[in-house]
Amino acid sequence: RRVGGPLRRANVVAMADITPKLRHAQDLLDRGQFAAAKETLQRLVRVAPKDRNVNVLMRHALTRLGQHPQALYFCEQALAAAPSDPDLIALTAISLGDCGQIDRAIQMLEKSLEANPTHMTTRIALARLLGGHQRFVECLKCCVDGLKQSPNHPVLGALYAAGMIQMGHADEGVMFMRKNVL
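A quick note: this is a predicted structure, and the numbers were derived from the prediction, not measured. (Residues numbered from 1 in each chain as written. Predicted model: local features only at pLDDT ≥ 70, side-chain atom pairs only at ≥ 80, totals over all residues. Heavy atoms only, no water.)

It is worth spelling out the confidence of the model for the protein chain at this point. Put simply, the protein chain has an average pLDDT of 88, and 90% of its residues get 70 or more. Low pLDDT (under 50) marks residues 1-14, which in the prediction has 2 contacts with non-local residues, meaning those over four places away or in another chain. (pLDDT = per-residue confidence, 0-100. Contact = heavy atoms within 4.5 Å.)

Listed below in structure tokens is the structure:
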């Protein structure tokens, strides 16, 4: 008895065939050729619509092209396949923020941090989002919580110092930068 039949084997061949094309799309993104990467990835989406890497790279291409709602769609496609992946949650929240859905993005990041309190990508995304929307007290708390886990983390340190400066505590912010980041 044959397992899978011809359709399944065709899918396996098609899936194996996407790896070089994914590398090509990544290379185009690395070279700043976002429209060309989008074209390549559109073909891959037809072959592998639920592939995490295809959807994530498509999100990056569309974001760089300023097509934020479309980028969010592809991010959500990737997240649907792995809903507890903290990297995908952070990426989706960033895309939500790019689309102006700030409160939803913040809620998503906070929920992810509850489940993964040591995930620095999520913490940094949350701190940037909060600071970028002038919610400096919350940004500083987020940074402090992260700095307790990783005292010399340069990005969290820089975000903390920037928040202090924005709140009118420039001397403290600069002193913190000199002591902990520089």
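So, about helix α6 (residues 102-115). Taking 1.5 Å as the rise per residue, α6 with 14 residues should run 20 Å; its terminal C-alpha atoms sit 20 Å apart, in good agreement. Within α6, burial applies to Ile102, Ala105, Ile106, Leu109, Ser112 and Leu113. Projected down its long axis, α6 shows its buried positions confined to an angular sector of 130°, all on one face. Facing away from the buried side of α6 by over 90 degrees, the exposed positions are Asp103, Gln107, Lys111, Glu114 and Ala115. Contacts made by the buried residues of α6 are with α5 (86-98) and α7 (120-132). (Helix = DSSP H or I, 4+ residues; strand = E, 2+ residues; numbered from the N terminus. Expected span 1.5 Å × (residues − 1). Buried < 20%, exposed > 50% of the residue type's maximum accessible area, 1.4 Å probe, protein only. Arc of directions from axis to C-beta.)

Let's shift gears to α5. Look at α5: 18 Å from first C-alpha to last across 13 residues, which is about the 18 Å you get at 1.5 Å a residue. Most of α5 sits inside the fold, with 10 of its 13 residues counted as buried. Restricting attention to buried positions, one finds in α5 the residues Pro86, Leu88, Ile89, Ala90, Leu91, Thr92, Ala93, Ser95, Leu96 and Gly97. Summarising the contacts, the buried residues of α5 are in contact with α3 (52-64), α4 (68-81), α6 and α7. Looking at where α5 begins, the residue whose side-chain oxygen comes 2.8 Å from the main-chain nitrogen of Asp87 is Asp85. Taken from the residues just after α5, Gly100 is the one with a positive phi, measuring 85°. (Polar contact = N/O pair within 3.5 Å; in protein donor to acceptor, adjacent residues only side chain to side chain.)

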